[in-house]
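Residue-level structural notes
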Amino acid sequence: MLTRKQHELLLFIHLRLSEQGVSPSFDEMKDALKLKSKSGIHRLITGLEERGFIRRLPHRARALEILQMPESAVRPADGGSGFAPKVIQGNFGNALPGASVAQASESVQLPLYGRIAAGTPIEALRDEEDFVDVPATILGTGEHYALEVDGDSMIEAGILDGDTVVVARADTAENGTIVVALVDGREVTLKRLRRKGGAIALEPANKSYETRIFPPERVKIQGRLVGLLRRY
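Predicted, not measured: the structure shown is a model, and the values here were computed from it. (Residues numbered from 1 in each chain as written. Predicted model: local features only at pLDDT ≥ 70, side-chain atom pairs only at ≥ 80, totals over all residues. Heavy atoms only, no water.)

Within the protein, the regular secondary structure consists of four helices and 12 strands. The proportion of buried residues among the 232 residues of the protein is 47%. Of the contacts made within the protein by residues no fewer than 6 positions apart, 60% connect residues no fewer than 24 positions apart. (Helix = DSSP H or I, 4+ residues; strand = E, 2+ residues; numbered from the N terminus. Buried < 20%, exposed > 50% of the residue type's maximum accessible area, 1.4 Å probe, protein only. Contact = heavy atoms within 4.5 Å.)

Spelled out as structure tokens, the structure:
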């Protein structure tokens, strides 16, 4: 079993390799995990190597190879406050419509609302015959639905293009929570919610994107993020 920091580092390395094809530097890893020194990173890498998750490539600087990702849920490195989504790895497919609970009561069928995209309200995305199996352990009380992520605006929160997010339907959320928000009644977006005075800020987790600030009457919360599914 990996520690939380080992999980965070492994996911950060995985993201950087996927995006840039090169491992992050020790300084970048230190900053991402908010550690005070690089010695902590050395210990984490050694631990991951001993457990068979990564391999250091000889005679190459900054060369790490990921051998496997953990089977258990992980929490990604995330500089913001609030919820960081659980990542459930492996294959998952559409379930047959009908019963809401899978055979062994270990998974639940949720409606899959399609790819979250600007210009389309959530309800318009829903396909009445499209469902996805989700582990029951990541769900709380209330109604849930799933969305496919389109874009890279939340990658620093561990949410990648093509991921499927699990959302608890809600019309309110605490400050710092990652939410599905409807802007001006027509644009749906997945962002971190920040309240600043009398305004609402929708904050991306990617330095290439700007935080957008709106008066509260222009933003309607449609759900809060509770989990994430990813194919490897």
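Having put the structure on the table, let's press on.
Position of Tyr 113 among the secondary structure elements: in strand S4 (residues 107-116). With 33 residues separating them in the primary sequence, Tyr 113 and Ala 146 have C-alpha atoms 6.1 Å apart.

At Lys 34, a position not held by glycine, the phi torsion is positive, near 60 degrees. With respect to the secondary-structure elements, Lys 34 resides in the loop between helix H2 (26-32) and helix H3 (38-50). Non-glycine residue Asp 184 carries a positive phi angle of around 55 degrees. With respect to the element layout, Asp 184 can be found in the loop between strand S8 (178-183) and strand S9 (187-196). Judged by its relative accessible area of 30%, Asp 184 is partly exposed.

This part is about the side chain of Thr 177. In this fold, Thr 177 is placed in the loop between strand S7 (164-168) and S8. For Thr 177, a relative accessible area of 11% corresponds to the buried category. At a separation of 2.9 Å, a polar atom in the side chain of Thr 177 contacts the main-chain carbonyl oxygen of Glu 174. Excluding residues that lie within four positions of it along the chain, Thr 177 makes contacts with Lys 191, Arg 192, Leu 193 and Arg 224. (Polar contact = N/O pair within 3.5 Å; in protein donor to acceptor, adjacent residues only side chain to side chain.)

Let us look at the layout of surface pockets. Counted as a void, the second largest pocket has a volume near 280 Å³. Examining the composition of the lining of the second largest pocket, we find that five residues originate from one element, S9, more than from any other. Looking at the lining of the second largest pocket residue by residue, the classes come out as 11 nonpolar, three polar and six charged. (1 Å grid on protein atoms, 1.4 Å probe; cavity = no way out; pocket = protein on both sides within 12 Å on 5 of 7 lines; lining within 4 Å. Points joined across faces, edges and corners; volume = space filled by probe spheres on them. Nonpolar A, V, L, I, M, F, W, Y, C, P; charged D, E, K, R; others polar.)

Our next topic: the pattern of salt bridges. In total, this model carries 11 salt bridges according to the counting rule given. Salt-bridge contacts for Arg 194 lead to Glu 203; the nearest nitrogen and oxygen are separated by 3.3 Å. Residue Arg 194 is classed as buried on the basis of its relative accessible area of 15%. The partly exposed category is assigned to Glu 203, whose relative accessible area is 21%. (Salt bridge = Lys/Arg side-chain N within 4 Å of Asp/Glu carboxyl O.)

Attention now goes to the packing of helix H1 (residues 4-20) against H3. What describes two packed helices is the angle between their axes and the distance between those same axes. At their nearest, the axes of H1 and H3 sit 10 Å apart, and the two run at 85 degrees to each other. Taken together, the axes of H1 and H3 lie roughly perpendicular to each other. Contacts from Lys 5, Gln 6, Leu 9 and Leu 10 in H1 reach Ile 41, Leu 44, Ile 45, Gly 47 and Leu 48 in H3. Broken down by class, the residue content of the contact of H1 with H3 amounts to six nonpolar, two polar and one charged. (Axes fitted to C-alpha atoms, helices over the stretch in contact; angles between N-to-C directions. Parallel < 35°, antiparallel > 145°, perpendicular 65-115°, else oblique.)

Function cannot be inferred from these measures alone, as they are strictly geometric.
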